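What follows is the residue order along each chain.
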Amino acid sequence: MLSPTELAALSDPHPELLSIQRSGIPGSDPKPMLCLNDITTARAFIRLFNSIAAAAKPKPSYAMTPIQVTSRDGTVLPGRVYTPKRPSTTGCPGLYVCHGGGYVIGELDGQEWIAEIWTALGGVMVDVLYRHAPEFVFPAGMGDAVDGFRWMMQNLDDLGINPSKGLVVGGDSNGADMALVIAHLYTQEQQGPPLTGLYLACPIAMIESNVPDRYKEYYLSMEQNAKASALTKESVEFLLSVYKPDLSSPLSFPILFPDHSKLPKTYIQVCGADPLRDGGLILEQALKDSGVETKLEVYPGLPHCFWGPFMHADFTKRHKKDSEDGFKWLLSS
């Protein structure tokens, strides 16, 4: 782990971000996107943002098929399958992805940047839209995410997924936590082909009250970045109050799983100016201490999931390249 002084330095603003925010260009201040005490406005903003982003994208290099998945309580969940236009005749690696959004917002469109990378690597990606709080509090969304993954596993042949080429679960923000929970539950069941990788971008993993004792001195970012751009300490507290997680359950905070040693190799991305930063860093250390092979990417001075609001910045271009390299690493033997 980094020292407390080194951790504090990660919060220093990135020069390019400062330049963008000083420019006054519309959309250069990401704070409105995640002022989530107004969920209706936040959801409308995300839909507008995704529609603008989609209009600016070139024609996709993949094929997309809408799907419907029935959850354990009979709810029909929308989803998508992304496939290379020329998939391998011997099957493709598979990725199940969970979107972020603090358990209250999120759209299928938001994960298309991952689909672009994954399908270019020859993979098939499945994304199922879980239900959001406050309409559906814990554990409804988590159950939906697990059911979506199980649907993928039950339909590997029809989807053209060959798990021997790679079987990965991933997500960003709370979606990273969901992916980690899915991985734990699946490895505990030990039924079916093994997972080969995890992609965790800006995970929550823990809150101050359940940080393992041996790492408590390193959990500083919630205060250091309390008033950060994009996501603040106040936003995190509000989101948890709306989602109503069980603070003692590993289904809410996956650091609480007693054994991480059976997890596959894991690629983690952490943002330096993010109140959730140290949860990701401690998680990576805990996995390493459990014998899990990890790869860590840290983005000093940048806010939570910055690649969304700052899609044209040079640091976002670097993130995309890093993500591509990270997925390649997850697929390597």
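Here is what the cut-offs are and how they apply
Residues numbered from 1 in each chain as written. Predicted model: local features only at pLDDT ≥ 70, side-chain atom pairs only at ≥ 80, totals over all residues. Heavy atoms only, no water. Pairing = 2+ DSSP bridges. Helix = DSSP H or I, 4+ residues; strand = E, 2+ residues; numbered from the N terminus. Axes fitted to C-alpha atoms, helices over the stretch in contact; angles between N-to-C directions. Parallel < 35°, antiparallel > 145°, perpendicular 65-115°, else oblique. Left-handed = near helix turned anticlockwise from the far one by under 90°. Contact = heavy atoms within 4.5 Å. Nonpolar A, V, L, I, M, F, W, Y, C, P; charged D, E, K, R; others polar.

**Concerning the pairing of strand E1 (residues 62-70)**
Thought 1: Here E1 runs beside strand E2 (residues 76-84); their pairing, made up of nine bridges, is antiparallel. Paired with Val 69 across the strands is Leu 77, a residue of E2.

**Quick look at the packing of helix H5 (residues 140-154) against helix H7 (residues 174-189)**
Thought 1: The interhelical angle for the contact between H5 and H7, taken along N-to-C directions, is 55°, at an axis separation of 10 Å. Relative to H7, the element H5 is oriented oblique. Seen along the crossing, H5 lies across H7 with a hand that is right-handed. Along the contact surface, H5 presents Gly 141, Met 142, Ala 145, Val 146, Phe 149, Arg 150 and Met 153, while H7 presents Met 178, Val 181, Ile 182, Leu 185, Tyr 186 and Glu 189.
Thought 2: Across the contact of H5 with H7, the residue classes tally to ten nonpolar, one polar and two charged.

**Overview of unusual backbone geometry**
Thought 1: The omega torsion across Ala 133 and Pro 134 is 5°, close enough to zero to call that bond cis.
Thought 2: Topologically, Pro 134 is positioned in the loop between strand E4 (124-128) and H5.
Thought 3: The omega torsion of the bond from Phe 138 to Pro 139 falls at 10°, within 30 degrees of zero and hence cis.
Thought 4: As for its position among the elements, Pro 139 is in the loop between E4 and H5.
Thought 5: The backbone phi angle of Ala 230 is positive, close to 75°, even though this residue is not glycine.

**Examining the packing of helix H4 (residues 112-120) against helix H11 (residues 314-331)**
Thought 1: Axis separation between H4 and H11 bottoms out at 10 Å; the angle between their running directions is 50°. One element, H4, and the other, H11, form an angle in the oblique class. When you trace H4 past H11, the crossing you get is right-handed. In this structure, H4 contributes Trp 113, Ile 114, Glu 116, Ile 117 and Trp 118 to the contact, and H11 contributes His 319, Lys 320, Ser 323, Glu 324, Phe 327 and Leu 331.
Thought 2: Of the residues that constitute the contact of H4 with H11, the class distribution is six nonpolar, two polar and three charged.

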